[in-house]
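Analysis of the macromolecular model
Chain by chain, the residues run as shown.
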Amino acid sequence: MAGKQSQSVRSKSPILVFTLTLTLVALSLVFFLLFSSRNPDQLAEPTPLINPNPNPTYKPQTSFVASLDHFLHNHQHPPPVRDDTFRAVTGGGGGGDADKEQELDDLMSRTRNWRLYGDPYYPVSFPIRVYVYEMPKKFTYDLLWLFTNTYRDTSNLTSNGSPVHRLIEQHSIDYWLWADLIAPQSERLLRSVVRVDRQEEADLFYIPFFTTISFFLMEKQQCKALYREVLKWVTDQPAWKRSEGRDHILPVHHPWSFKSVRRFVKNAIWLLPDMDSTGNWYKPGQVYLEKDLILPYVPNVELCDTKCIADSELKRTTLLFFRGRLKRNAGGKIRAKLVAELSGAEGVVMEEGSAGEGGKLAAQNGMRKSIFCLSPAGDTPSSARLFDAIVSGCIPVIVSDELELPFEGILDYRKIAVFVSSSEAVQPGWLLNFLRSISRARISEMRQNLSKCSRHFVYSSPAQPLGPEDLVWRMMAGKLVNIKLHTRRSQRLVKESRSICTCDCRRANLTSSSPLL
């Protein structure tokens, strides 16, 4: 009996070995077919995402200068910049630009199909996957060092007397976003966005060029030459060519920056201070809400937190405060009319001032002693003063008929600000009577709302959940499906097709004097 069992086992052994061998061969063949177009160390499945550190051991830094000093100290010897151009791997690693573009498109399609069938919330799921270009140092670190080495030169002023470096700080959104994206994942707090190392995994591509620093601190022709170099570098990338820039993010937060080459990158997602539908700063069709994103200025004053707001309650004896340039161009001409109407009125402070260090302290003290802070249009519909008021616990009185606001798809500004049309604001006695008619209960409620909302306007390192950096990516999530739609549509249209449609949403943000509810 034992002999028969032994013979049976021996007779089954070759069959078992053959079956296992055949299975391994089949699996190897499947693996080869799926990944034959990839580098050996790459996988088709998207890279697992590492959750950011929920318990940082350091206090967030909100000063641009201090944060930048710390950043550059830790990046004194950044790793050599690799050639960031996507390299096709078929045909022995060669191929022209068209081959690279096609292969990247194939890989991105494969990755997105994987996500489509593996993620029940795709394509609106978090985190957003961002590929950050590793650009030459002259476009990134060298410009940051240029600011650091010159910012103490207070004699460097704009034509209207504003300190250049203070303006750069107000528009430094490009630094805060980049610093967060390239930070080690273990030091990051945001769950809305993650940096990916492979271009085919990216939802969006970030261009880390400092347009404001280069505009203000470089000689004019030198700056224009650098802009042309950046333009060529970016538009040579296969990822740019694949989408014609539609999924690329370009920070152009100062309205003068990158102006000489903007027309070549009009499909990209621009990070802006406002839309300026008057046409003074942006050409028709260059900017619109469907494509671009409004970001708040970096506040010029310190945050007045919940305790500060509570302590300042009895000190707010001024009804309406304004400190800034009293004469501006374009839509900012309303300021001169408001000065004529309001100067000398009881409970009103109207002061001429700049954004220098002394002006910063005077503005901060004045806002913390006031109930309302006037926020009229400047040279553009927006003004940094609005965000100074918000973080000071001073209720903004917005007089800017064409204003578009940051993160308005998420935040309801009616709960923290008063909107007044320009025509009503300049009528004799109208504005002050309107402000005095607002009840104390309503004022208290709005100030409490300000204490809760101020966190949405304070940039920091590390970037904080629900801070402006976080809301950028939450707003971007709402754009992703449309970006993919227009990218795919542009890839399949033939020459005889009708021109690609866009949705120009530059309709003015009409204001009303109706009573607050």
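Residues numbered from 1 in each chain as written. Predicted model: local features only at pLDDT ≥ 70, side-chain atom pairs only at ≥ 80, totals over all residues. Heavy atoms only, no water.

Moving on, we get to the state of the cysteines. Linking two cysteines covalently through their sulfur atoms gives a disulfide. Summed over all chains, the structure comprises two disulfides. Between cysteine 304 and cysteine 308 runs a disulfide, and the two sulfur atoms are separated by 2.0 Å. Measuring handedness by torsion sign, the sulfur bridge of cysteine 304 and cysteine 308 sits at about -95° and is left-handed. On the basis of relative accessible area, cysteine 304 is assigned to the buried category, the value being 1%. In this model cysteine 373 forms its disulfide with cysteine 394; the gap between the sulfur atoms is 2.2 Å. Residues cysteine 373 and cysteine 394 share a disulfide whose torsion about the S-S bond is about 105°; that sign makes it right-handed. Here cysteine 373, found in strand S9 (residues 370–376), pairs with cysteine 394, found in the loop between helix H13 (384–391) and strand S10 (395–399); they are 21 residues apart in sequence, far enough to count as distant. Judged on exposure class, the residue cysteine 373 and its partner cysteine 394 are both buried. Listing the disulfide partners of the chain by sequence rank of the bonded cysteines yields 1-2, 3-4. (Disulfide = S-S within 2.5 Å. Buried < 20%, exposed > 50% of the residue type's maximum accessible area, 1.4 Å probe, protein only. Helix = DSSP H or I, 4+ residues; strand = E, 2+ residues; numbered from the N terminus.)

As a further point, take the sheet that holds strand S11 (residues 418–419). Within the open sheet, the five strands sit side by side as S8-S7-S9-S10-S11. Their pairing is parallel. Only two strands of the sheet have a single neighbouring strand rather than two, namely strand S8 (348–352) and S11. As paired elements, S9 and S10 share five bridges and run parallel to each other. Residue pairing across strands places serine 375 opposite isoleucine 398, the latter belonging to S10. Helix-sheet contacts for helix H11 (residues 334–342) involve strand S7 (318–324), S8, S9 and S10, and the interaxial angle to S9 is about 145°. (Pairing = 2+ DSSP bridges. Contact = heavy atoms within 4.5 Å. Axes fitted to C-alpha atoms, helices over the stretch in contact; angles between N-to-C directions.)

Turning our eyes to something else, we now look at the pairing of strand S4 (residues 248–251). Both faces of S4 are covered, namely the face carrying His248 and Leu250 and the face carrying Ile249 and Pro251. Both strand S3 (residues 204–206) and S4 contribute to a ladder of two bridges, which runs parallel. The partner of tyrosine 206 across the bridge, within S4, is isoleucine 249. As paired elements, S4 and strand S5 (residues 269–272) share three bridges and run parallel to each other. Looking across to S5, one finds that isoleucine 249 is bridged to isoleucine 269.

Keep in mind that low pLDDT regions are not for reading the predicted coordinates in detail. Scored by pLDDT, the chain has a mean of 83; 76% of the residues are at 70 or more. No element of the chain has a lower mean pLDDT than helix H1 (residues 2–35), at 51, and none a higher one than S4, at 98. In the model, residues 1–12 has pLDDT below 50 throughout and makes zero contacts with residues more than four positions away in sequence or in other chains. Contacts of residues 502–517 to residues separated by more than four positions or lying in other chains number 42 contacts, the stretch itself having pLDDT below 50. (pLDDT = per-residue confidence, 0-100.)

Relative to the elements of secondary structure, threonine 487 occurs in helix H18 (residues 480–492). Dropping the residues within four chain positions of it, threonine 487 is found in contact with Arg242, Ser243 and Arg246.

A separate point is helix H4 (residues 141–150). Those residues of H4 that fall on the buried side of the exposure criterion are Tyr141, Leu143, Leu144, Phe147 and Thr148. End-on, the buried residues of H4 take up no more than an arc of 165°, which puts them together on one face. Looking at the buried positions of H4, the neighbouring elements they touch are helix H2 (64–74), helix H5 (164–170), helix H6 (173–182), helix H7 (211–217) and helix H8 (220–235). (Arc of directions from axis to C-beta.)

In this section: the environment of valine 339. Counting through the fold element by element, valine 339 comes out in helix H11. Separated by 87 residues in the primary sequence, valine 339 and valine 426 have C-alpha atoms spaced 9.3 Å apart.

Before going further, it helps to spend a moment on the side chain of serine 257. Within the secondary structure layout, serine 257 lies in the loop between S4 and S5. Note on serine 257: relative accessible area 1%, which makes it buried. Of note is the side chain of serine 257, whose polar atom sits 3.4 Å from the side chain of threonine 211. Only 2.7 Å separates the side chain of serine 257 from the backbone oxygen of histidine 254, close enough to count as a polar contact. (Polar contact = N/O pair within 3.5 Å; in protein donor to acceptor, adjacent residues only side chain to side chain.)

A few words on the pattern of salt bridges. The full count for this structure, using the stated rule, is 21 salt bridges. Two residues, arginine 474 and aspartate 470, come together in a salt bridge whose shortest N-O distance is 3.2 Å. Of the two residues, arginine 474 and aspartate 470 are both situated in helix H17 (residues 468–477); the distance of four residues between them amounts to about one turn of the helix. For arginine 474, a relative accessible area of 38% translates into the label partly exposed. A residue is classified by how much of its surface remains accessible, and aspartate 470, at 3% relative accessible area, is buried. Within the structure, one salt-bridge network assembled from shared partners comprises Asp105, Arg242, Asp247 and Arg488. (Salt bridge = Lys/Arg side-chain N within 4 Å of Asp/Glu carboxyl O.)

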